[in-house]
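# Residue-level structural notes
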Amino acid sequence: MEYIIWSILLLSGFAMLLVGADWFVDGAGRIADRLGVSELIIGLTVMAFGSSAPEAFVSIGAAIAGETDIAVGNVLGTNILNICLILGLCGVITRMKVPAMTVRFEMPFLILITGFLAWLGYSKGYLGPVDGMILCLLMAAYFVYLLKTAGSGKKELHTAQTFDGNAGKGRIAFWFIAGLLLLLVGTDLTIRAVCALARAFVIGERTVALTVVAFGTSFPTLVTCLSAARRKKTDMVVGNIVGTNIFNILFVLGVSSLIDYIPYSGSYFVDGLAALAISVILWLCTLRKKELGRMSGVILLLCMIVYYVFLLWRHQFAE
């Protein structure tokens, strides 16, 4: 009976994260618009944070709460799902063009930082404040790159929201504050439920973070991308997923490790290698034709199945 209650609370936490992220990003974008911030900056920040807000709040909230084992698992699990499940399904539904800059720079950069994360975890067994500072500096460098490429017209950016200039100040403040509160409460519920379910089912928080939490925080992105694929509006789907994965590693884990030491156990090293291998496979699938088609989608979905079969096998024999 206890696990049923905690499962309901976990789903409630995910729902709050989904609605809260939408309201918070909408309110933040409207505030920035009222303050005269350029559309380019709004597009960059809304696109990045809007896609990663659930992961950011869960992982950073876990670091604040001292449940640091959730942070790495959430990011690695989410990044694997973003590529294998979301891009795999979208590729099966329709052929997607991939911007040349995404293939030439962003995918290799994602591969580089994913490998760097795995190396940090393997060599040290944790992520500390110095590592967090390095990751945040890399995030700043990536943001500068986005500014330059967007400003020169090489990269088209779509904001996640269309802001209504006639919205009143009270309404804007409500969306922003209500969204923030929902994110905070949803984060707390999610972390508590994950820890309780891990104890109830006698499984590690690491496994729950790599599976249930990762899927829950990826769900908003999944719905958005599948909707875009069905409507054949896929120009930025691959680029946005790659950018989200970069943001997850550099910003989410960077800030989390600045708050507290994040353990990176030996088993996470295998998951890090899986995330690295899947990033390389995505790059190879798009390298020649600058597109992601049905066969590539099937390959990515098969990679996800293999990874989760391995994850279940490891849990059965190791945990």
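Please refer to the structure placed before this passage.
Read on for a plain summary of the structure.

## Quick word on helix α3 (residues 69-93)
Taking 1.5 Å of rise per residue, the 25 residues of α3 would be expected to cover 36 Å, and the 35 Å separating its terminal C-alpha atoms lies within 8% of that figure. Most pronounced at L81, the bend in α3 amounts to some 30°. Counted residue by residue, α3 has 21 buried out of 25 residues, so it is predominantly covered.

## Focus: the pattern of salt bridges
According to the stated counting rule, one finds three salt bridges in the structure shown. Between R95 and E291 there is a salt bridge whose closest N-O contact spans 2.8 Å. Here R95 is found in the loop between α3 and β1 (96-97), whereas its partner E291 is found in strand β4 (residues 291-292), with 196 residues between them in sequence. According to the relative accessible area criterion, R95 is exposed, its value standing at 51%. The partner of E291 in a salt bridge is K97, and the shortest N-O contact between them spans 3.3 Å. With a gap of 194 residues between them, E291 in strand β4 and K97 in strand β1 connect regions that are remote in the sequence.

## Re the environment of I246
Positionally, I246 belongs in helix α8 (residues 237-259). When the C-alpha positions of I246 and M139 are compared, they lie 8.1 Å apart, and in sequence the two are 107 residues distant. Beyond its immediate stretch of four places on either side in the chain, I246 contacts E106, F109, L110, I113, Y142 and F251.

## Considerations on the environment of V213
As for its position among the elements, V213 is in helix α7 (residues 205-230). Expressed as a C-alpha distance, the spacing of V213 and P54, which sit 159 residues apart in the sequence, is 9.8 Å. Residue contacts for V213: discarding those within four places in its chain leaves F14, V58, N74, V194 and V208.

Reading the values: the criteria
Residues numbered from 1 in each chain as written. Predicted model: local features only at pLDDT ≥ 70, side-chain atom pairs only at ≥ 80, totals over all residues. Heavy atoms only, no water. Helix = DSSP H or I, 4+ residues; strand = E, 2+ residues; numbered from the N terminus. Expected span 1.5 Å × (residues − 1). Bend = angle between axes of the 7 residues up to and from the residue. Buried < 20%, exposed > 50% of the residue type's maximum accessible area, 1.4 Å probe, protein only. Salt bridge = Lys/Arg side-chain N within 4 Å of Asp/Glu carboxyl O. Contact = heavy atoms within 4.5 Å.

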